[in-house]
Structures are given as C-alpha cells and as structure tokens.
Amino acid sequence: MNHAHPHPPTARAPLPPNGDEAVRSRGIQRTTLIAIATNALLSLAQITVGLFANAFSLVADAAHTLSDLVTDVLVLFAGRRGADPADSNHPYGHGRIETVTTMLLGAVLAAVGIGFLWSSGLRLQHMDALPDLHPAALAMALLTLAAKEGLFRYTLAAARRLKAPLLEANAWHARSDAASSLVVAIGIGGSLAGYPFLEPLAAALVGFLIVGMGVRLAWKAIRELIDTGLSEDELARIRETIEATPGVIGLHDMRTRRMAGRVLCDAHVQVEPRLTVSEGHRVSDEVYLHVRAAHPEIQDMLVHIDPEDDGGPRAMPAGPLPARKDVAAAIGQLLGIGPGSDAPAPLRIQIHYLGKRIDVEVLLPAAVPAGQLEALRRRTEAWLEAHAEYRSIRFFQQIAP
C-alpha cells in the first residue's frame, strides 16, 4: 500500500496556490480597512451631532460603532494570520484563525441582538423619560443608516467573491449596525412626530433578527471546528470524479472537512493489485489533479493507494506474513545460493501481499541451465506445500537488457 501526495511534506501549503492566497488575503485586508475607516468617521460624526442635538441614542449608537472598530481590527488580524503559510506546528496552515474569529463575531452578533431586546424592554417602561430631540439628529441617523447599509453590501460582495466566511460574518455585523441605525432613525422620527413607542418595538424586531444571524454564523463556525464533512450531494460528486480517473477500480473511506475557505479531503483508492509503487503513485497524482480541477473548493487532498478493497471491517491476520528479508532468504534457499555455489542470484524479487497471503515473482539472469530450472521447480512445489502463507512463487528469466 502507498500513501501518496503530489508534494513533499515540507512543501505543503494551504491552497489555492500562494499567489491566489496572497490576493485573497489582500482583498480581505483592503475590505476590512475600508470598514475601519467608515466606522471611525461615522462614530466621530454621531458623537458630535448626538451631543449637539441632545440625541443620546445617537451617542449610544456611536459607542456601538466604536465597538465595531475592535471587531474590525480583529478581522484584519485574522485575515493576515489566516493567510500565513503552513509551518511545523501548523502543517495545514492557519485557516482556522478565520474560523475562530467568525465564531467570536457570531457570538458578538447574538450579544448585540440580546442587548437590543433588553434595551427595547427598558424603553417601553420609560417612554416618558425620552428627551426632546433636534431634527439634525434624524438627518445624522439616516446618513448613518445609508453608510452602514452600503458598507454591508460592499463587504458581503467581497466575502462571496473571496469565499471568506470571516468577511461574511463582518458584513452581517455591519448589517446589524445598519439595523441599529434604523432603530435610531425610527425612534428619533417617531419622537419628533409624537410616536415614541415606535423605537422600542423596532428595536425588539431587529434584536430577534440579529440574534438569529449571530447564532447561525457561530453554529457554522462550530461545525467547522468539529470537522463536519461535506454534504452527501457534494461527496457523491467527488466520488464520481475519483472513480472516473484512469487506473482507479474502487474507492472507499473518503473523508472531508472544512478549514476557513478551503476543503480538505482524503480517500482510499483501489488500483490493480500488481501495479508497481511508481505506477500506483502516478494514479494517485492523477486522482489529485482530477479532483482539484473538477472541485476547486478542495485545495488539499491525501490519496491512499490500496491494492485490494480493505474498506470493510479490519480483521486481525492469523499470523504475521513473512517480511522481505525472510522471503529473500527463502528464495536464496530455493535457488541453492551459498558458499561455493554457482547458483544464479536473482536480479529482482517482487512481493505481493494480497488476501492475507503472498505471491512472489523472481527475475533470474538469462543463463540458467535447464537442469537447474527443473530442480528449482521441484523444490518450489515442495516449499509451497509446506508453507501455506505463500500462494505462489514464480520465476522469470531475463532475455533482453
């Protein structure tokens, strides 16, 4: 059996190739820097207008926006660290940094939603305490709403283009900010129009939406952290690709898992049992290349070559089969190799471990007298009768260089 991978262990790196991964990382960083700049400007403007217009809800929304700056910096850090190449301590790369950050952002979303629910309940109980507001507060709230909604759409588009769940989580965080700005706008507008109860009701609705989104994002990240595999439909398509590869006669024990924007896969591929190691490795390379071409989301794959179907329950063998040195000693005994002997030494011995027994193929030099060959045949037949672990021993002669 052969474990095969088209790259040496020291060259293993998260795929797509390093150039594509670098472009993806730069895209994540650029999008996040735009979000940081937008949030910084908005929070400064909200605090200024909020204090001027006695709109304490704007000041509170500014504090919420400032908290987003912290998460944006966290996303920026994760985007950079997640793109770091594999090393000795992280042989599969650092993509799980993105996953953990996505989970944290999902938790933040859920907490923000719960905060809205709590705040809406308190405001329903103290509506008479709401202060008079200046109309400038409404204009600022609407401007903030438009900016946050634009940031959400920009970040979500970048997340889907770059296949970055981390950015998608941050995009929905921006949507939660837009929702909070909508709540502020409705509250201020309702207060100016004489309907202050609209703000807490809208806050409750948005709170439920944000909690649901946060739970879904966090749960998706948790599923990835516990190595949840692909769906059955996706697995069926990958199996079809592998089984269509020339040289593959069977497939079993295929496993998958996600890591950030990548999918990792390993599979046991059955080939013709008497292929050489090099030909079996070539089949594994073909499987790797076919899967990567047909399924770009699979960016790292380990192919295990099997000479027979071992996908069922593993049974312990009745006894250990002979190792190569023992087989070589037996062949030497059959050929009569020893001090003072003119018996030909074998040019090559090939051993096939199949069906809990072994088949041996021995290549001999061309110049072997016929009488020696007949004696070798008789000794071999007697040996096979006495050693049940040997299914066959075949001798071949070289007739050309």
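Preceding this section is the structure that the text describes.
Read across the sheet, three strands follow the order β5-β6-β7 without closing on themselves; strand pairing throughout is mixed. Each edge of the open sheet is held by one strand with a lone partner, namely β5 (348–354) and β7 (390–397). Strand-to-strand twist in this sheet, taken as the mean axis angle between neighbours without regard to direction, amounts to 15°. Of the strand pairs in this sheet, strand β6 (residues 357–364) and β7 are connected by seven bridges, and their pairing is parallel. Its bridge partner being in β7, Asp359 is matched across the sheet by Ser392. Its contacts with the sheet put helix α10 (residues 370–386) on β6 and β7, and the angle it makes with β7 is roughly 165°.

Right, let's get into the pairing of β6. Burial within β6 is extensive, with seven of its eight residues counted as buried. In the sheet, β5 pairs with β6 via seven bridges, with the strands oriented antiparallel. Opposite His352, over in β6, you have Asp359 as the bridge partner. Between the antiparallel neighbours β5 and β6 lie two residues, among them Gly355 with a positive phi of about 60°.

Moving on: the environment of Arg96. Summarising the element assignment, Arg96 is placed in helix α3 (residues 96–125). For the pair Arg96 and Leu225, spaced 129 residues apart in sequence, the C-alpha separation works out to 7.6 Å. Beyond its immediate sequence surroundings of up to four residues, Arg96 is in contact with Glu224, Leu225, Asp227, Arg257, Arg258 and Met259.

Cut-offs and rules
- Residues numbered from 1 in each chain as written.
- Predicted model: local features only at pLDDT ≥ 70, side-chain atom pairs only at ≥ 80, totals over all residues.
- Heavy atoms only, no water.
- Pairing = 2+ DSSP bridges.
- Helix = DSSP H or I, 4+ residues; strand = E, 2+ residues; numbered from the N terminus.
- Axes fitted to C-alpha atoms, helices over the stretch in contact; angles between N-to-C directions.
- Contact = heavy atoms within 4.5 Å.
- Buried < 20%, exposed > 50% of the residue type's maximum accessible area, 1.4 Å probe, protein only.

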